[in-house]
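Structural overview for review
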Amino acid sequence: MTTATHGAGAVPPMPEYTPKALRAAIAQHTPKLLVDFDRHWRRDIADAYDLAPVPAFMARWWGEYALARDPRLEAAVHRLEDEAAREPDYTRAKALIEEAGRLRRAAAKAEPGQ
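What comes next concerns the included structure. From a predicted model like this one, the values you see are computed outputs, not experimental measurements.

Things to note about helix H4 (residues 71-86)
For H4, built from 16 residues, the straight-helix expectation of 22 Å at 1.5 Å per residue is met to within 8% by its first-to-last C-alpha distance of 22 Å. Close packing links the buried residues of H4 with helix H3 (54-68) and helix H5 (90-108).

Listed below in C-alpha cells is the structure:
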C-alpha cells in the first residue's frame, strides 16, 4: 500500500487485507472502532485453534472500517437507519433500511488502496 498525505475531509485508503493492517488503519483513522475490534478479536480469534472464523471477522471489520473512514457516508447511513426507526409506514421504513444496507455493502466492497 502506498502512503499518501490526506487533507482534512479526505477519505483514507483501505489498508492491505490483513488483520494487522486493518487494525493499524482503524487505530489511525477510526479509533472509535478500536475497542470493539480488539474485544471481538480477543473473544473470537486470538485464542482459537481453528482459523475458520477469520474470514467472517475480516469481512465484518472491513465493512465497518470502510464505512467509518468516510464520515459523510457513515452519517448518511446512520440518518437512513434513524429515519427508518422513526418511520411509521412499514414500506417506507423497509426502503430506508434497504438503502442503508446497500450503502454499507457498497462500502465493504472497497479494495485495498481504494
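A word on the nonpolar core
Of all hydrophobic cores here, the largest spans 18 residues; its most connected members are Leu-22, Ile-26 and Trp-61. Elements supplying a minimum of two residues to this core: helix H1 (19-29), helix H2 (34-46) and H3. Those residues within four positions of Ile-26 in sequence are excluded, and the remaining contacts are Pro-31, Leu-33, Leu-34, Phe-37, Trp-61 and Tyr-65. If you look at the next biggest cluster of nonpolar residues, it comprises 7 residues, including Leu-80, Ala-84, Leu-96 and Ala-100.

Things to note about H1
Burial in H1 covers these residues: Ala-21, Leu-22, Ala-25 and Ile-26. Along the axis of H1, the buried positions cluster into a sector of 135°, meaning they face one direction only. Projecting away from the buried face of H1 at angles above 90 degrees are the exposed residues Lys-20 and Gln-28.

Cut-off values and rules
- Residues numbered from 1 in each chain as written.
- Predicted model: local features only at pLDDT ≥ 70, side-chain atom pairs only at ≥ 80, totals over all residues.
- Heavy atoms only, no water.
- Helix = DSSP H or I, 4+ residues; strand = E, 2+ residues; numbered from the N terminus.
- Expected span 1.5 Å × (residues − 1).
- Contact = heavy atoms within 4.5 Å.
- Core = buried A, V, L, I, M, F, W, Y, C linked by side-chain atoms within 4.5 Å.
- Buried < 20%, exposed > 50% of the residue type's maximum accessible area, 1.4 Å probe, protein only.
- Arc of directions from axis to C-beta.

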